[in-house]
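# Architecture and fold: a report
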Amino acid sequence: MKKTVEFINEKTNNFKPEIGIILGSGLGELADEYCDYALPYIEIPDFIKSTVQGHKGRLVFAEIENKQVLMMQGRNHFYEGHSMQEITYPVKVMKALGVKTLILTNAAGAVNENFKPADLMLITDHINNMCSNPLIGPNDETFGERFPDMTEVYKKSLIELAEKCAETLGIDVQKGVYWANSGPSYETPAEIKMIRLLGGDAVGMSTVPEAIIANYCGLDVLGISCITNAASSATSGKLSHEEVIEAANTAKIKFKSLILEIIKNI
Ligand code: HPA
């Protein structure tokens, strides 16, 4: 950790980010538009390479709306074969660099039948069905306690702020529970039915490990899902990664303006 943080500090002239953003599939454009300095993950000691199509794999440092922002353009996923500890390492690095607020974003399938592709959903809570947890293993007390409380992983005041920002911009947002599966296979119709019965509104393959670690180490978390598809159901036909990226492309203009408004008001 010391090596990683020293490397980043040296390369960025001690850039002190207050806001961290993890940009999900098809949502990375913000980091193309606002980039004062970029570090590919492969150059950073102990970071891992992102392999998913539509994910670039670099840390981007930028001043946005007079705030120092650190963006992850692309993330690592559990389904790539990395451990839970590996995929959440960047969140701990953000904490060590001074980040206070973390905005987690992702592409997700709709489970709630009122949601449609290109909707944005503010995550109110999550259900971890990844069958693992990034906190398994010895606990480093310098980051957080052994049994962290999880009653408000997604900070209510940030959800309210995001809702206000959306209203200012005239953007409709949904709210709901994000259900995380390990992937990489999409869900069967029977699984979607089960997720709906058990309280999930959207389903994806990321975010939850990062949210657990962020909450554990005391970061304020806001989560935004970009609904890219009706999750596999008898009526919606076959689902492909291309369809997911395409819907994220449709949503990216409102997604970007919402993120910028949130940064401005944090
Ligand atoms: N399921 C899981 N992950 C996803 C989906 C989905 O339908 N869409 C985008 N990410």
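Everything below is about the structure printed above this text.
Note that the coordinates shown come from a computational prediction; the quantities given were computed from them, not determined experimentally.

## What to know about the pairing of strand β5 (residues 101-110)
Along any regular strand the residues' side chains alternate between the sheet's two faces. Across the ten residues of β5, ten count as buried, placing the element largely inside the fold. Here strand β1 (residues 19-23) pairs with β5 via four bridges, running parallel. What sits directly across from Ile-22, in β5, is Leu-104. Pairing of β5 with strand β9 (residues 220-230), which is carried by ten bridges, proceeds in the parallel orientation. Bridging across to β9, Leu-104 finds its partner in Gly-223. As defined by bridge partners, β5 adjoins strand β8 (residues 202-204) across two bridges and the pair is classed as antiparallel.

## A word on the state of the cysteines
Taken as a whole and judged by the stated rule, the model has zero disulfides. Between Cys-165, a free cysteine, and Cys-226, which holds the nearest cysteine sulfur, the sulfur-to-sulfur gap is 18 Å. Residue classification places Cys-165 among the buried residues on the basis of a relative accessible area of 2%.

## As for a nonpolar patch on the surface
Residues Met-194, Leu-197 and Leu-198 make up a contiguous nonpolar surface patch of roughly 330 Å² in combined accessible area. Along the chain, the position of Leu-198 falls in the loop between α5 (189-197) and β8.

## Thoughts on helix α3 (residues 84-97)
Here α3 spans 21 Å end to end across 14 residues, near enough to the 20 Å set by a 1.5 Å rise per residue. Pro-90 marks the point of greatest bend in α3, at about 30 degrees. Among the residues making up α3, those that are buried are Met-84, Ile-87, Thr-88, Tyr-89, Pro-90, Val-91, Val-93, Met-94 and Leu-97. Immediately beyond the C-terminal end of α3, within one or two residues, lies Gly-98, with a positive phi of roughly 110 degrees.

## Some words on the site of the ligand
Residues in contact with the ligand amount to 13 residues; listed here are only the nearest, Ala-107, Gly-109, Glu-187, Gly-204 and Asn-229. Between Thr-228 and the ligand, the recorded distance is 3.5 Å, taken from a side-chain N or O atom to a nitrogen atom. In this structure, a nitrogen atom belonging to the ligand sits 2.8 Å away from a side-chain N or O atom of Asn-229. Relative to its unbound accessible surface of 260 Å², the ligand loses 95% to contact with the protein. Here the ligand occupies the largest pocket.

## With respect to the packing of aromatic side chains
Under the counting rule described, the total for this entry stands at four aromatic pairs. Relative to Phe-61, the ring of Phe-15 has its centre 5.3 Å away and its plane inclined at 75 degrees; by these criteria the two rings are edge-to-face. Taken together, the residues span a long stretch of sequence, with Phe-15 in the loop between α1 (2-11) and β1 and Phe-61 in strand β3 (residues 58-64) at a distance of 46 residues. Just as Phe-15 is buried, Phe-61 falls in that class too. Seen in terms of ring centroids, Phe-47 and Tyr-89 are 6.2 Å apart; in terms of plane orientation they differ by 70 degrees. Their pairing is edge-to-face. Here Phe-47, found in the loop between β2 (37-40) and β3, pairs with Tyr-89, found in helix α3; they are 42 residues apart in sequence, far enough to count as distant. We classify Tyr-89 as buried; its relative accessible area is 14%. Linked through ring pairs, Phe-15, Tyr-37 and Phe-61 together constitute an aromatic cluster.

## Digging into empty space enclosed by the protein
Taken as a whole, this structure holds one cavity of 30 Å³ or more when the rule is applied. As a volume, the largest cavity reaches approximately 40 Å³. In this structure, the largest cavity is lined by Arg-75, Asn-76, His-77, Phe-78, Ile-87, Met-130, Met-205, Ser-206, Thr-207, Pro-209 and Glu-210. Grouping the amino acids of the lining of the largest cavity by side-chain chemistry returns five nonpolar, four polar and two charged.

Thresholds, definitions, all that
Residues numbered from 1 in each chain as written. Predicted model: local features only at pLDDT ≥ 70, side-chain atom pairs only at ≥ 80, totals over all residues. Heavy atoms only, no water. Buried < 20%, exposed > 50% of the residue type's maximum accessible area, 1.4 Å probe, protein only. Helix = DSSP H or I, 4+ residues; strand = E, 2+ residues; numbered from the N terminus. Pairing = 2+ DSSP bridges. Disulfide = S-S within 2.5 Å. Patch = residues over 30% accessible without salt bridge, like charges linked within 9 Å, V, L, I, M, F, W, Y side chains within 5 Å. Areas by Shrake-Rupley, 256 points an atom, 1.4 Å probe, with all protein chains shown as cover. Salt bridge = Lys/Arg side-chain N within 4 Å of Asp/Glu carboxyl O. Expected span 1.5 Å × (residues − 1). Bend = angle between axes of the 7 residues up to and from the residue. Near = heavy atom within 4 Å. Polar contact = N/O pair within 3.5 Å; in protein donor to acceptor, adjacent residues only side chain to side chain. 1 Å grid on protein atoms, 1.4 Å probe; cavity = no way out; pocket = protein on both sides within 12 Å on 5 of 7 lines; lining within 4 Å. Sits in = over half its atoms within 2 Å of the grid points. Phe/Tyr/Trp six-rings, centres within 6.5 Å; stacked < 30°, edge-to-face > 60°. Points joined across faces, edges and corners; volume = space filled by probe spheres on them. Nonpolar A, V, L, I, M, F, W, Y, C, P; charged D, E, K, R; others polar.

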